[in-house]
Every structure is written in structure tokens, then in C-alpha cells.
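Chain residues, written in single-letter form:
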Amino acid sequence: MNLTDRIVVVTGGAGGIGAALSRRFAAEGAAAVVVADLDADAARAVAEDIGPVAHARALDVTDEEQVRALVADTEQRYGRIDLFCANAGVTTGGGVEIDDVGWDRSWRVNVLAHVYSARAVLPGMLARGGGHLLHTCSAAGVLTAVGDAAYTATKHASVGFAEWLAITYRDRGIRVSALCPQGVDTPMLADGLADGHLGARVVAASGAVLTPDQVADAAIAGLAEERFLILPHPEVADYARRRAEDPDGWQAGMRKLIRRLTA
Ligand SMILES: NC(=O)c1ccc[n+]([C@@H]2O[C@H](COP(=O)([O-])OP(=O)(O)OC[C@H]3O[C@@H](n4cnc5c(N)ncnc54)[C@H](O)[C@@H]3O)[C@@H](O)[C@H]2O)c1
């Protein structure tokens, strides 16, 4: 997919990666970019900064009615949605002690929201014979997020769901991509680094911390090639290969890294 004249929706569009995707899609010639976010004021600021092709929308991705209404309104206004980016995501910063409210929020934002948007957008895409779903998952979805159990479990689920969609719908014209960055310089990681959180330190020690714009570059390249797995950090492919070939050896390496960082 190239972005010229495309109608695009980005959830979590007011934040780091989502805002960079929204800006980049507009720069690539999208006809409309809907910047949807829980933080309506921040979404409005991003849309105003982008210019007339962008429109802000208040959206809680965990509320299926709101997701359905966003898709219906966008299709009514523009006739279609070409690219839906399920990008909003949350961390917990904790392990098994995180209460059910935290686990439930992770599940709802990181996984169930992807189901809601696919459910809402697929009928129109299938009727038109094409469309692209870009799900922002994470390297945590193919590896692990040290220090965040719910993030690890739900990001693995999000990669699994995206893969299921890709296999199920590809032959009916639907392309699916799972965007799986490692460290990206957004509040999500920066706040963790500022707090000295082990997980954030492991991320920073495992590879380059990219800018959101660099992630948007990788997304544009991956969309152009209609690739399923989009890895802005190429080393993640090596880590994933090592993990698949030798799970125990890979875990030993992770534990060694943690010991080094906590010594
Ligand atoms: N920053 C990283 O290092 C990193 C690495 C890998 C993957 N990711 C993933 O990238 C995506 C974007 O993260 P980011 O780093 O830009 O984080 P961010 O916190 O800067 O932005 C996330 C955005 O999602 C919005 N959001 C949260 N809950 C929402 C909800 N219920 N409904 C609608 N919007 C909601 C927030 O308001 C915010 O604008 C997430 O899915 C995250 O898991 C981030």
C-alpha cells in the first residue's frame, strides 16, 4: 500500500508513535487522517498541526460502541477506510502482583480493542475487496517485556490475533501488518527510564532507542511491501530466531542481562 489519496484512521494518534504515523501518512499524501485518542485535546493539537487532511476524534478503544461509531462516521464521510491503525497501547510496569484492574485494562487496550476495530472495519473492506490493518504490537509480543507481565502476555496475544487475521483474510484482499518496535522515545519508555524501571533499562540496553519518526519510516516501508511483521529494530528478528531455536539459552541470556543491570 502507498498512502496517496488513502483514508486512514490511527488510534492512540495523539501519542508518540501514533502522532508520528499520523503526520507521516499525511505527508505521504493521504486524503484524510483521523487522529483518534482518549486524550481529545492532544488529538486536536496533533490534527491542527498536521493541517486540513487531519481530523481529531475522541475515542476510547475499549468501548466497542465508540469504535463502531468512529468507523461508521468515517465511512459515511469519506466512503471508505483504506488503512486502520490499531495503535493505542498501555503498560503496567509490574508483574503478577498487578491487580485485575491492571490486567483487564491491558487486555482491553492491547488486545480486545484490536478485535473491536477489526470487527467494525472488516465488513466494509471485504465488500470493497481490499484494505489494510496495521496493528501496533511490540517486540514484547515476539520476545518478552522484562518487568511487565501483563504487557508481555497481551502483546503476545496481539501478535497472535494479527497473524490469525492475516492468514484468514489475505486471500480476500485484506492485508495485515504487525508493527513490533523495541525501544522508542515516547512517554511510554521515557517515563520508565526516568523512574529507573528495570524493563525500560533492559529495552535501552538491548538496542537503539528509535524516534517515533524512525518507526513511522519503518511502517511506511513495511506497508509498501505489504509485509506482515514490521520490525523497526532489525535485531529483533535475530533475538526471535535465537529464542525459537534455543528457548533455554535465550532465557539464560536475558537473566544474565538483568543480573548485569541490577548488579
Ligand atoms: N514506546 C515504546 O518503546 C514502544 C515499543 C513497542 C511498542 N510500543 C507500542 O506502540 C504503541 C504506541 O505507544 P507509544 O510509545 O506511542 O505510547 P504513548 O503512551 O506515547 O501513546 C499511547 C497513546 O495511546 C492513547 N491511549 C491509551 N489508552 C487509550 C484508549 N483506551 N483509547 C484510545 N487511546 C488510548 C494515549 O492517550 C496515548 O496518546 C502502543 O501500542 C505501545 O504498546 C511502544
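Conventions used here
- Residues numbered from 1 in each chain as written.
- Predicted model: local features only at pLDDT ≥ 70, side-chain atom pairs only at ≥ 80, totals over all residues.
- Heavy atoms only, no water.
- UniProt positions renumbered as here; feature names shortened; annotations may be inferred.
- Salt bridge = Lys/Arg side-chain N within 4 Å of Asp/Glu carboxyl O.
- Helix = DSSP H or I, 4+ residues; strand = E, 2+ residues; numbered from the N terminus.
- Patch = residues over 30% accessible without salt bridge, like charges linked within 9 Å, V, L, I, M, F, W, Y side chains within 5 Å.
- Areas by Shrake-Rupley, 256 points an atom, 1.4 Å probe, with all protein chains shown as cover.
- Lys, Arg positive; Asp, Glu negative; His and termini not counted.
- Charge placed at Lys NZ, Arg CZ, Asp CG, Glu CD.
- Buried < 20%, exposed > 50% of the residue type's maximum accessible area, 1.4 Å probe, protein only.
- Near = heavy atom within 4 Å.
- Polar contact = N/O pair within 3.5 Å; in protein donor to acceptor, adjacent residues only side chain to side chain.

By the naming in an unreviewed UniProt entry, the protein goes by 3-oxoacyl-[acyl-carrier-protein] reductase and is assigned to Micromonospora noduli. A UniProt comment under Sequence similarities (unreviewed entry) is attached to the protein, and it reads "Belongs to the short-chain dehydrogenases/reductases (SDR) family."

A. Region of the structure containing the pattern of salt bridges. Per the stated rule, a full pass over the model turns up 13 salt bridges. One salt bridge in this structure joins R175 and E226, with 2.9 Å as the shortest N-O distance. Highlighted residues: R175 in strand β6 (residues 174–179) and E226 in the loop between α8 (212–224) and β7 (229–230), separated in sequence by 51 residues. Via salt bridges that share partners, E64, E65, R68 and R119 belong to a single interconnected network.

B. Geometry of a positive patch on the surface. Side chains of R255, K256, R259 and R260 sit close together on the surface and give a patch of like positive charge. If you trace the backbone, R255 turns up in helix α10 (residues 247–262). In this structure R255 comes out as partly exposed when scored by relative accessible area, which is 46%.

C. Structural context of the site of the ligand. By nearness alone, 28 residues border the ligand, and D37, N87, Y151, Q182 and T186 come closest of all. In the model, an oxygen atom of the ligand is placed 3.1 Å from a nitrogen or oxygen of the G15 main chain. Here an oxygen atom of the ligand sits 2.6 Å away from a polar atom, N or O, in the side chain of T186. Alone, the ligand offers 830 Å² of accessible surface; in the complex the protein occludes 90% of this. Of all the elements in the fold, those that place two or more residues in the shell around the ligand are α1 (16–27), α5 (149–169) and α6 (187–194). The element best represented in the shell around the ligand is α6, accounting for 3 residues.

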